[in-house]
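Coordinates in review
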Amino acid sequence: MVKLGVNVDHVATVREARGITEPDPVAAAVLAELGGADGITVHLREDRRHIKERDVKLLKETIKVPLNLELAMAPEILDFALAIKPHSATFVPEKRAELTTEGGLDVIANRQRLQTVIENFQAAGIIVSLFIDPDEAQIEAAAELGAQFIEIHTGRYCDATCENDVRNEFSLIEQACITAANCDLRINAGHGLNYRNVSQIARLPGLEELNIGHSIIARAVYVGLERAVREMKNLLP
Ligand code: PXP
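Residues numbered from 1 in each chain as written. Predicted model: local features only at pLDDT ≥ 70, side-chain atom pairs only at ≥ 80, totals over all residues. Heavy atoms only, no water.

1. Quick word on the overall build of the protein chain
How we decide: The helix and strand labels rest on DSSP assignments: H or I over at least four residues marks a helix, E over at least two residues marks a strand, and numbering proceeds from the N terminus. Values of the radius of gyration come from C-alpha atoms, whereas the globule rule sets the reference at 2.2 Å times the count of residues to the power 0.38. Residue burial is assigned from relative accessible area. The probe radius is 1.4 Å, only protein chains are included, and a residue is buried under 20% of its type maximum, exposed over 50%, and partly exposed in between. Residue contacts are defined here by distance: any two heavy atoms, one from each residue, within 4.5 Å place the two residues in contact. Here, Shrake-Rupley sampling with a 1.4 Å probe gives the accessible areas, and only protein chains in the shown set may cover a residue. A positive count includes Lys and Arg, and a negative count includes Asp and Glu. His and the chain ends are not counted in either. A single reference atom marks each charge: NZ on Lys, CZ on Arg, CG on Asp, CD on Glu.
A count of helices and strands for the protein chain gives 11 helices and 8 strands. Its C-alpha atoms give the protein chain a radius of gyration of 17 Å, near enough to 18 Å, the size a compact globule of 237 residues would have. Projected onto its principal axes, the C-alpha coordinates of the protein chain cover approximately 45 × 40 × 35 Å. By residue count, 51% of the 237 residues in the protein chain fall in the buried class. The long-range fraction of contacts in the protein chain, counting pairs at least 24 apart against all pairs at least 6 apart in sequence, stands at 66%. Element-wise, carbon and sulfur atoms account for 51% of the exposed surface of the protein chain, whose accessible area totals about 11000 Å². For the protein chain, the centre of its 25 positive side-chain charges and the centre of its 35 negative side-chain charges are spaced 6 Å apart.

Dropping the structure here:
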């Protein structure tokens, strides 16, 4: 069974549009659990544009499913994560001006810093995942650093518009799964997945969990969050 991790950042985005206390991503996470979410993901960005420390703390205390914290290697965010001890930490690159995470982490260029950070997180009992593009050299570097998981960036596959590009991007992801399995890495995937493109990705061999945010929260505006999550769950094998 492929697990569904629901990213509730966008609930906090709506809250921050008004600068008040609702809608609350913690309440949303509880509804997502009721809809069958196997995990909850939030990204504590350096600019705190949506999720805040308060949300992460309350989520850790409230939800029954594992909490996955996405983060960049900024010192104060690392310290906070080590204190909160989420079930897992997914390291992502972060750019101030981006609307959402634009690509995978450059594990090779950041090898030295990642080495220390991964050791510190694993020593604290936090499972480490690296969000990377479907690129053989990056996957091998993730394995050499001892990360337990990679999360394969599916954004380019999801953004592809012509059939040829879709096929090429899909085969890169397929190959990435084979490389990761050969390196004994466990495999998650996510970014840009929706109700139409998820099925093909969900059938990839060795895939454990998909992290999905935008499409579920968008659908929830029309049908409610519990139902939106259940509909996505029903598309997973
Ligand atoms: N995985 C990672 C590492 C992400 O940064 C995001 C976006 O926050 C997602 C998955 C979910 O992407 P989407 O909102 O497009 O489903």
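2. Some details on unusual backbone geometry
The omega torsion across Glu-22 and Pro-23 is 0 degrees, close enough to zero to call that bond cis. Among the structural elements, Pro-23 can be located in the loop between helix 1 (9-18) and helix 2 (25-34). A positive phi angle, close to 50 degrees, is found at Arg-48, a residue other than glycine. Tracing the chain through its elements places Arg-48 in the loop between strand 2 (39-43) and helix 3 (53-62). In this structure, His-191 takes a positive phi of about 110 degrees despite not being glycine. For His-191, the location among the structural elements is in the loop between strand 7 (186-190) and helix 9 (198-202).

3. Quick look at a negative patch on the surface
For clarity, the cut-off: Like-charged residues are merged into a patch within 9 Å and nonpolar side chains (Val, Leu, Ile, Met, Phe, Trp, Tyr) within 5 Å, provided each residue has over 30% relative accessible area and no salt bridge. Basic side-chain nitrogens of Lys or Arg form a salt bridge, by our definition, when they fall within 4 Å of a carboxyl oxygen of Asp or Glu.
Residues Asp-106, Asp-135, Glu-136 and Glu-140 make up a contiguous surface patch of negative charge. Within the secondary structure layout, Glu-140 lies in helix 6 (residues 136-144).

4. Considering the site of the ligand
Note the cut-off: Throughout, near means a residue has at least one heavy atom within 4 Å of the molecule or strand. Nitrogen and oxygen atoms within 3.5 Å of one another constitute a polar contact, given that in protein one can donate a hydrogen and the other can accept it, and given that sequence-neighbouring residues count only through two side-chain atoms. Residues are grouped as follows: nonpolar covers Ala, Val, Leu, Ile, Met, Phe, Trp, Tyr, Cys and Pro; charged covers Asp, Glu, Lys and Arg; every other residue, Gly included, is treated as polar.
Looking at the ligand, there are 14 residues lining it, with Glu-70, Glu-151, Gly-192, Gly-213 and His-214 nearest. Contact between the ligand and Asn-7: an oxygen atom at 3.3 Å from a side-chain N or O atom of the residue. A distance of 2.5 Å separates a nitrogen atom of the ligand from a polar atom in the side chain of Glu-151. Summarising the interface, the protein chains cover 94% of the accessible area of the ligand, which totals 400 Å² for the free molecule. Tallied by class, residues from the shell around the ligand come to 3 nonpolar, 8 polar and 3 charged.

5. Some thoughts on the side chain of Asn-68
Take Asn-68: it is sitting in strand 3 (residues 67-71). Taking the relative accessible area as the measure of exposure, Asn-68 reaches 7% and is therefore buried. Engagement of the side chain of Asn-68 in a polar contact is seen with the side chain of Ser-88, the distance being 3.0 Å. Within the local environment of Asn-68, its side chain forms a polar contact with the side chain of Thr-90, the two groups lying 2.8 Å apart. Contact partners of Asn-68, with chain neighbours within four places excluded, come to Ile-40, Thr-41, Val-42, Ser-88, Ala-89, Thr-90 and Asn-211.

6. Structural notes on the environment of Glu-76
Inspection of the secondary structure puts Glu-76 in helix 4 (residues 75-84). Relative accessible area serves as the criterion here: at 47%, Glu-76 is assigned to the partly exposed category.

7. What about the packing of aromatic side chains?
Formally: Centres within 6.5 Å make a pair out of two Phe, Tyr or Trp rings, where for Trp the six-membered ring is used; the pair is then stacked when the planes are under 30 degrees apart, edge-to-face when over 60, and tilted otherwise. Each ring is checked for a lysine NZ or an arginine CZ that lies within 6 Å of its centre and within 35 degrees of its normal; such an atom marks a charge sitting over the ring.
Evaluation of the coordinates by the stated rule reveals 2 aromatic pairs. Here Phe-91 and Phe-121 contribute two aromatic rings whose centre-to-centre distance is 5.1 Å and whose plane-to-plane angle is 75 degrees, an arrangement assigned as edge-to-face. Residue Phe-91 is found in strand 4 (residues 88-91), and its partner Phe-121 is found in helix 5 (residues 111-123); the two are separated by 30 residues along the sequence. Across the pair, exposure class does not vary: Phe-91 and Phe-121 are buried alike. Above the plane of the ring of Tyr-195 lies Arg-219, whose end atom (NZ or CZ) is 4.5 Å from the centre.

8. Focus on the pattern of salt bridges
Applying the stated criterion across every chain yields a total of 16 salt bridges. Of the charged contacts, one joins Glu-16 and Lys-52 as a salt bridge, the two residues approaching to 3.3 Å between their closest N and O atoms. With a gap of 36 residues between them, Glu-16 in helix 1 and Lys-52 in the loop between strand 2 and helix 3 connect regions that are remote in the sequence. Take Lys-52: its relative accessible area is 25%, and that puts it in the partly exposed class. A single network of salt bridges, built from pairs that share partners, joins Arg-15, Glu-16, Asp-24, Lys-52, Arg-54 and Asp-55.

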